[in-house]
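The lines below spell out each chain.
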Amino acid sequence: MGGTGPSYPCGLYPDQFAGGGAIGSCYKDLALLPNFRHVPMLFLQGQYDWPLYGKEGPFPGSGRLKELGYDAVLEMVPKSPHNAVPLTGDRIFEWTVEQRRVRHPEHVSLRAYFPIHGKAYWVEVREIARIGRPASVEARVIDRRTIDIDIENGACIALFPDPALLDLESPVEVRANGKGLGQVTCSS
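Overview of the structure.

Quick notes on the rules
- Residues numbered from 1 in each chain as written.
- Predicted model: local features only at pLDDT ≥ 70, side-chain atom pairs only at ≥ 80, totals over all residues.
- Heavy atoms only, no water.
- Helix = DSSP H or I, 4+ residues; strand = E, 2+ residues; numbered from the N terminus.
- Buried < 20%, exposed > 50% of the residue type's maximum accessible area, 1.4 Å probe, protein only.
- Contact = heavy atoms within 4.5 Å.
- Salt bridge = Lys/Arg side-chain N within 4 Å of Asp/Glu carboxyl O.
- Pairing = 2+ DSSP bridges.
- Axes fitted to C-alpha atoms, helices over the stretch in contact; angles between N-to-C directions.

1. Some points on the environment of Leu181
Part 1 of the reasoning: Relative to the helices and strands, Leu181 is located in strand β11 (residues 179–184).
Part 2 of the reasoning: Classification of Leu181 as exposed rests on a relative accessible area of 56%.
Part 3 of the reasoning: Each residue touching Leu181, except ones within four places of it in the same chain, is listed here: Val174, Arg175 and Ala176.

Below, the structure is given as structure tokens:
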């Protein structure tokens, strides 16, 4: 779980990480990749390892993250097997210390198979409609008084308005799946 290990927590708890560095990763759950919107990823893959792990892990994962417009880098380590740590330790630490955690994102993408993994930033999935499929939430602060959310397979969603993003002294309008839910008053 050396490379896969850092990938999973970054995808399950994206608001807790500034970035993730994975050496020889075999991360396969492409459904959760939208969670990486604010979590840059560095995948280091040994050149001789790609037939085993590369095709299943960092290649589709880093490719999909790039398609989403996220910050993902895949570097092949020349003449290296699966354990590329001896050749990449300095690189991963140099990259890691440059990352900064996003604390107040205006746009949150959240996918969760279980409510225990369904909280990030100011959005929480409390109930899932159909077990076996992830709940999906795209939540955006449109302006300081409006939140727009798109929900799929989520039975109960909670929002925790961020005073850094919203004017909590005024009512906040909430729209879900294109329908206005009205205005709510929040206390900071």
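Right, picking up where we left off after that structure.
2. A look at the pattern of salt bridges
Part 1 of the reasoning: Evaluation of the coordinates by the stated rule reveals seven salt bridges.
Part 2 of the reasoning: Two residues, Glu138 and Arg37, come together in a salt bridge whose shortest N-O distance is 3.8 Å. Pair noted here: Glu138 is in strand β7 (residues 135–143) and Arg37 is in the loop between β1 (20–23) and β2 (41–46), with a separation of 101 residues, a long-range link.
Part 3 of the reasoning: Classification of Glu138 by relative accessible area gives buried; the value is 14%.
Part 4 of the reasoning: On the basis of relative accessible area, Arg37 is assigned to the partly exposed category, the value being 27%.

3. A look at the pairing of β2
Part 1 of the reasoning: Among the six residues in β2, six count as buried, and that is most of the element.
Part 2 of the reasoning: Side chains Met41, Phe43 and Gln45 of β2 all project onto a buried face; the interleaved residues Leu42, Leu44 and Gly46 project onto the opposite face, where all are buried too.
Part 3 of the reasoning: Note: β1 against β2, four bridges, orientation parallel. Bridge pairing in β2 links Gly20 to Met41.
Part 4 of the reasoning: Sheet analysis places β2 next to strand β3 (residues 72–77), joined by six bridges and oriented parallel. Each bridged residue has a counterpart across the sheet, and for Met41 the counterpart in β3 is Ala72.

4. Description of unusual backbone geometry
Part 1 of the reasoning: Positioned with a positive phi, Tyr121 is a non-glycine residue whose angle comes to about 55°.
Part 2 of the reasoning: When you line up the elements, Tyr121 lands in the loop between β5 (119–120) and β6 (123–128).
Part 3 of the reasoning: Under the relative-accessibility criterion, Tyr121 is labelled buried at 13%.
Part 4 of the reasoning: Residues other than glycine seldom take positive phi values, yet Asn153 does so here, at roughly 60°.
Part 5 of the reasoning: Its place among the elements puts Asn153 in the loop between β8 (146–152) and β9 (154–159).
Part 6 of the reasoning: Of the residues examined, Asn153 reaches a relative accessible area of 11% and is grouped as buried.

5. Structural notes on the sheet that holds β3
Part 1 of the reasoning: Reading across from one edge, β1-β2-β3 is the order of the three strands in this open sheet, with parallel pairing throughout. Here the strands that pair on one side only, and so sit at the sheet edges, are β1 and β3. Ignoring which end each strand starts from, the neighbouring axes of this sheet average 15° apart.
Part 2 of the reasoning: On the sheet, helix α1 (residues 4–12) packs against β1 and β2 and is oriented at approximately 150° with respect to β1.

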